[in-house]
Amino acid sequence: MTMKKIVVAGGGTLGSQIAYQTAFSGFDVTLYDINAGAISAAKRRMTTWDHARLTYETDLGVAVTDADLVIEAIPEVVDIKNEFYSHLAQVAPAKTIFATNTSTLLPSQFAAITQRPEKFLALHFANHIWANNTAEIMGHPTTDPVVYETVVDFAHAIGMITIELHKEQSGYVLNSLLIPWVDAALILWVKGIADVETIDKTWMLAGGSPIGPFGILDEVGLRTAYNIMLAASQQPGKEDLVTVVQKLKVDMLDQNKLGQESGQGFYHYPDPAFRQPEFLTNNVTSV
């Protein structure tokens with residue numbers, strides 16, 4: 001299968017990055033969002049990145065015309081994703097492969113509603129994908145192996161190092177390691193054990209990391225973090241997260257402290273230019 005036209009559905013922080021990285025790598029890309037305001041925000045976010053191969057669309061049927069691959073990067077809410085895939089199945093060409101960038105959900109949860117389960121799988125990117133250039137690829141039991149390998153090849157073509165999973169795992173490899181660490185930091189915060197800066201500083205100094213868990217949360221976006229933790233808090237043994245979810249909503253989301261995307265989260269980001277990538281091709285490792 002040859003990939004030419006790519007559609008990224010969802011104009012948020014990571015969706016914008018996926019769209020630009022893909023256009024930068026030579027593909028024709030349409031960034032779709034149902035919300036015209038989200039498209040406007042994506043255009044502002046990508047002002048200094050703009051690329052001739054990148055276009056924007058708010059009509060899904062128009063966006064997916066002749067699409068070879070649709071990468072879904074919409075909110076981490078099951079009902080929203082179900083509604084999206086139900087619509088997408090009606091308007092996408094038969095040839096189109098669907099890939100979800102879900103952080104924690106499983107492709108098998110949505111395979112039936114796509115109406116093409118053999119052409120559906122997960123393709124997960126890390127934030128700042130031009131630097132953290134990994135692509136986790138995870139099929140489900142009925143994903144066509146040819147489709148899987150086609151997406152692996154596409155990920156290589158946009159400069160990614162592929163992390164190929166052999167079976168479904170909520171959180172893939174990266175988030176299976178990352179989420180317990182972030183949860184632990186949030187529980188320390190909610191319980192008042194230490195403030196945000198102290199928790200991050202402790203990890204950065206003792207662990208040799210350039211960023212702490214709250215810095216990571218601001219990058220990921222607090223709406224995404226909230227949705228992930230809301231779902232997790234409903235699982236047995238995750239009762240500690242109920243208070244975390246409540247505090248995130250009241251102290252952060254309700255105050256429009258959404259992380260880097262809004263200019264303030266756990267930290268303040270007065271200069272939006274810092275969020276713009278510097279595409280230095282010699283800094284991108286590929287295999």
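Above: the structure in question.
Report follows, based on the coordinates. Only a predicted model underlies this, so the values are computations on that prediction, with no experimental measurement involved. (Residues numbered from 1 in each chain as written. Predicted model: local features only at pLDDT ≥ 70, side-chain atom pairs only at ≥ 80, totals over all residues. Heavy atoms only, no water.)

Topic: the pairing of strand β8 (residues 161–164)
Both faces of the sheet carry side chains from a regular strand, because those side chains alternate between them.
Right, on to step 1. Note that strand β7 (residues 134–138) and β8 share 4 bridges and pair parallel. Its bridge partner being in β8, A135 is matched across the sheet by T162.
Right, on to step 2. Tracing the backbone out of β7, into helix α5 (residues 145–157) and back to the parallel element β8 gives a crossover that is right-handed. (Pairing = 2+ DSSP bridges. Helix = DSSP H or I, 4+ residues; strand = E, 2+ residues; numbered from the N terminus. Right-handed = clockwise from strand over helix to strand, strands pointing away.)

What about the environment of P107?
Right, on to step 1. In this fold, P107 is placed in the loop between β5 (97–100) and β6 (120–125).
Right, on to step 2. With 148 residues separating them along the chain, P107 and Q255 place their C-alpha atoms 33 Å apart.
Right, on to step 3. Ignoring any residue separated from it by four or fewer positions in sequence, one finds P107 in contact with F120, L121, A122, M138, G139, H140 and E168. (Contact = heavy atoms within 4.5 Å.)

Observations concerning the packing of helix α7 (residues 196–207) against helix α8 (residues 213–220)
Packed helices, taken two at a time, are described by their axes: the angle between them and the distance between them.
Right, on to step 1. It is at 7 Å that the axes of α7 and α8 come closest, and there the two elements cross at 105°. By the angle between their axes, α7 is roughly perpendicular relative to α8. On α8, the residues that touch V196, I199, D200 and W203 of α7 are P213, F214 and G215.
Right, on to step 2. A class-by-class count of the residues in the contact of α7 with α8 yields 5 nonpolar, 1 polar and 1 charged. (Axes fitted to C-alpha atoms, helices over the stretch in contact; angles between N-to-C directions. Parallel < 35°, antiparallel > 145°, perpendicular 65-115°, else oblique. Nonpolar A, V, L, I, M, F, W, Y, C, P; charged D, E, K, R; others polar.)

Quick word on the environment of G265
Right, on to step 1. Here G265 is to be found in the segment after α10 (240–252).
Right, on to step 2. On the basis of relative accessible area, G265 is assigned to the buried category, the value being 7%.
Right, on to step 3. Separated by 236 residues in sequence, G265 and V29 place their C-alpha atoms 30 Å apart.
Right, on to step 4. Ignoring any residue separated from it by four or fewer positions in sequence, one finds G265 in contact with D218, L222, M252, K257 and G259. (Buried < 20%, exposed > 50% of the residue type's maximum accessible area, 1.4 Å probe, protein only.)

Overview of the sheet that holds strand β2 (residues 28–32)
Right, on to step 1. In space, the 8 strands of this open sheet follow the order β3-β2-β1-β4-β5-β6-β7-β8, with mixed pairing throughout. For this open sheet the edge positions go to β3 (54–57) and β8, each flanked by a neighbour on one side alone. Neighbour-to-neighbour, the strand axes of the sheet open up by a mean angle of 25°, direction not taken into account.
Right, on to step 2. With 4 bridges joining them, β2 and β3 adopt parallel strand pairing. Each bridged residue has a counterpart across the sheet, and for T30 the counterpart in β3 is T55.

Thoughts on the nonpolar core
Right, on to step 1. Counting 32 residues, the largest nonpolar core has L123 and F154 as the members making the most contacts within it.
Right, on to step 2. Among the secondary structure elements, those contributing two or more residues to this core are β1 (5–9), α1 (13–24), β2, β4 (69–72), β5, β6, β7 and α5.
Right, on to step 3. Here this core gets 6 residues from one element, more than from any other, and that element is α5.
Right, on to step 4. Residues W181, V196, I199 and L258 belong to the second largest nonpolar core, which totals 25 residues. (Core = buried A, V, L, I, M, F, W, Y, C linked by side-chain atoms within 4.5 Å.)

Remarks on the pairing of β5
Right, on to step 1. A two-sided burial pattern is seen for β5, the buried positions comprising I97 and A99 on one face and F98 and T100 on the other.
Right, on to step 2. Taken together, β4, helix α4 (residues 78–91) and β5 form a β-α-β motif whose crossover is right-handed.

Focus on α4
Right, on to step 1. The end-to-end C-alpha distance of α4, which contains 14 residues, comes to 20 Å, matching closely the 20 Å that a straight helix rising 1.5 Å per residue would cover.
Right, on to step 2. Of the positions making up α4, those classed as buried are K81, F84, Y85, L88 and A89. For α4, the buried positions fall inside an angular range of 135° around the axis, keeping them on one side. Those residues of α4 that are exposed and aimed more than 90 degrees away from the buried face are D79, E83 and Q90.
Right, on to step 3. Along its buried surface, α4 packs onto β1, β2, α3 (60–63), β4, β5 and β6. (Expected span 1.5 Å × (residues − 1). Arc of directions from axis to C-beta.)

Let's talk about the packing of helix α9 (residues 222–233) against α10
Right, on to step 1. At their nearest, the axes of α9 and α10 sit 9 Å apart, and the two run at 150° to each other. Viewed along their axes, α9 and α10 adopt a mutual orientation that is roughly antiparallel. As α9 packs across α10, the resulting crossing turns out to be left-handed. Counted together, L222, Y226, M229, L230, A232 and S233 of α9 and L241, V242, V244, V245, L248, K249 and M252 of α10 form the full contact between these two elements. (Left-handed = near helix turned anticlockwise from the far one by under 90°.)

Section: unusual backbone geometry
Right, on to step 1. A positive phi angle, near 65°, is found at Q115, a position not held by glycine.
Right, on to step 2. Relative to the helices and strands, Q115 is located in the loop between β5 and β6.
Right, on to step 3. Judged by its relative accessible area of 54%, Q115 falls in the exposed class.
Right, on to step 4. Look at Y172: it is not a glycine, yet its phi comes out positive at around 55°.
Right, on to step 5. In this fold, Y172 is placed in the loop between β8 and α6 (174–190).
Right, on to step 6. You can call Y172 buried: its relative accessible area is 1%.

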